[in-house]
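Here is what each chain is made of, one letter per residue.
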Amino acid sequence: MTSRALLALPATAFLALLACSSNTSKPEDTAAVPEAAPTPVAQELSGYSVAYLASGCFWCVEEIYESVRGVKEAVSGYSGGDEQDPTYQQVGSGSTGHAETVAVYYDPEQISYREVLMVFFCSHDPTTPNRQGPDHGTQYRSAIFYTNAEERATAEALIKELDADGRFGAPIVTEVSAFKHFWPAEDYHQDYVVNNPDNSYVQNVSLPRCERFKSACPEFLK
């Protein structure tokens with residue numbers, strides 16, 4: 001989908017895509033889930049470009065990007081704060097400065113960084129500070145962590161374009177910050193939607209959000 005095509009989507013279509021009909025909150029207390037060491041980044045991903053993006057629950061974001069053409073892998077983790085090697089419980093407390101973030105490994109010959117960001121904006125509401133659907137707190141903020149000047153310029157230009165068009169009906173509050181470090185989340189968070197299809201949050205929030213994205217932006221799909 002071109003940027004012009006993205007901007008041409010009716011505002012009502014965007015709002016329908018971004019609306020979260022469920023009141024199911026993502027559980028923060030995972031004491032019953034055994035801890036696991038963070039998932040290492042596979043060597044096979046070293047040849048891909050990577051984008052670091054936060055737009056709410058990383059279970060949802062990972063699943064969305066796994067469906068996008070040109071994306072080899074999406075890894076759930078934490079970024080944006082200063083806490084070293086944080087745990088899910090620490091990030092969930094909102095005290096670390098980290099946001100639930102997904103590292104998107106993609107082939108720039110199949111999908112550009114700008115298109116990766118178009119998926120980002122097409123799959124969440126970037127106008128709600130520290131909130132996405134039923135989840136709230138700084139750990140769920142909308143954020144783009146750029147790794148170079150070109151990525152920063154691309155992100156800022158696209159935000160300016162979307163704001164000028166009035167696409168979301170409110171100013172975009174997405175944080176655009178320099179990338180610091182990415183900490184992969186615990187193993188049980190990786191591919192969570194695929195591995196936990198009967199989970200109530202997955203059923204009421206993650207899957208509906210993914211389906212709304214797929215319906216609104218089929219041009220991005222594999």
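Residues numbered from 1 in each chain as written. Predicted model: local features only at pLDDT ≥ 70, side-chain atom pairs only at ≥ 80, totals over all residues. Heavy atoms only, no water.

Participant: Tell me about helix α5 (residues 113-122), and name the residues and values.
Facilitator: Along an α-helix, residues three or four positions apart point the same way, because every turn accommodates 3.6 residues. With nine of 10 residues buried, α5 lies mostly within the body of the structure. Those residues of α5 that sit buried are Y113, E115, V116, L117, M118, V119, F120, F121 and C122. (Buried < 20%, exposed > 50% of the residue type's maximum accessible area, 1.4 Å probe, protein only. Helix = DSSP H or I, 4+ residues; strand = E, 2+ residues; numbered from the N terminus.)

Participant: Could you give me a rundown of the side chain of S142, with the residues and numbers involved?
Facilitator: Along the polypeptide, S142 turns up in strand β6 (residues 142-146). Take S142: its relative accessible area is 6%, and that puts it in the buried class. A distance of 2.8 Å separates a polar atom in the side chain of S142 from a polar atom in the side chain of H124. Not counting the four nearest positions on each side in its chain, S142 is found in contact with A54, F120, H124, P126, V173, T174 and E175. (Polar contact = N/O pair within 3.5 Å; in protein donor to acceptor, adjacent residues only side chain to side chain. Contact = heavy atoms within 4.5 Å.)

Participant: Can you explain the pattern of salt bridges? Please cite residues and give values.
Facilitator: Applying the stated criterion across every chain yields a total of seven salt bridges. We note a salt bridge from R114 to E161, for which the minimum N-O separation is 2.8 Å. Of the two residues, R114 is situated in helix α5 and E161 in helix α6 (residues 149-165); the sequence distance between them amounts to 47 residues. On the basis of relative accessibility, which here comes to 23%, the residue R114 falls in the partly exposed class. Put simply, R152 and E156 hold a salt bridge, and the shortest N to O gap is 3.0 Å. Of this pair, R152 and E156 both sit in helix α6, four residues apart, which is roughly one turn of the helix. For E156, a relative accessible area of 38% corresponds to the partly exposed category. (Salt bridge = Lys/Arg side-chain N within 4 Å of Asp/Glu carboxyl O.)

Participant: Any chance you could break down the sheet that holds strand β8 (residues 182-184) for me, citing the residues and the numbers?
Facilitator: Adjacent strands of a sheet form backbone hydrogen bonds with each other and so pair up, either parallel or antiparallel. The six strands lie next to each other as β7-β6-β1-β3-β2-β8, forming an open sheet whose pairing is mixed. Either end of the sheet is taken by a strand with one partner, and the two such strands are β7 (175-178) and β8. Each adjacent strand pair in this sheet contributes to an overall mean axis angle of 35 degrees, direction not counted. Both strand β1 (residues 49-55) and β6 contribute to a ladder of four bridges, which runs antiparallel. Counterpart to L53 in the pairing with β6 is I144. (Pairing = 2+ DSSP bridges. Axes fitted to C-alpha atoms, helices over the stretch in contact; angles between N-to-C directions.)

Participant: I'd like to hear about the packing of aromatic side chains, residue by residue, with values.
Facilitator: The geometry of an aromatic ring pair is captured by the separation of the ring centres together with the interplanar angle, meaning the angle of the planes. This structure, assessed with the given rule, holds seven aromatic pairs. For the ring pair F58 and Y78, a centre distance of 5.7 Å and an interplane angle of 45 degrees mean the geometry is tilted. Here F58, found in helix α3 (residues 58-66), pairs with Y78, found in strand β2 (residues 71-79); they are 20 residues apart in sequence, far enough to count as distant. No difference in accessibility class separates F58 from Y78, as the two residues are buried. For the ring pair F58 and Y88, a centre distance of 6.2 Å and an interplane angle of 20 degrees mean the geometry is stacked. Of this pair, F58 sits in helix α3 while Y88 sits in helix α4 (residues 88-92), and the two are 30 residues apart along the sequence. Y88 carries the same exposure label as F58, and that label is buried. Here a set of aromatic residues connected by ring pairs shows up, and it is made of Y52, F179 and F182. (Phe/Tyr/Trp six-rings, centres within 6.5 Å; stacked < 30°, edge-to-face > 60°.)

Participant: Explain the nonpolar core residue by residue, including any values.
Facilitator: Counting residues in each nonpolar core, the largest one holds 46 residues, and the members touching the most others are L53, W59, Y65, V68, F121, I144 and F213. In terms of nonpolar packing, the next biggest core, distinct from the first, is built from 11 residues, V50, A99, A103 and F182 among them. (Core = buried A, V, L, I, M, F, W, Y, C linked by side-chain atoms within 4.5 Å.)

Participant: How would you sum up the state of the cysteines? Please name residues and give values.
Facilitator: Within the structure shown, the criterion is met by one disulfide. Of all cysteine sulfurs, the one in C60 lies closest to C57, which takes part in no disulfide; the gap is 3.9 Å. For C57, a relative accessible area of 1% translates into the label buried. Relative accessible area serves as the criterion here: at 1%, C60 is assigned to the buried category. (Disulfide = S-S within 2.5 Å.)

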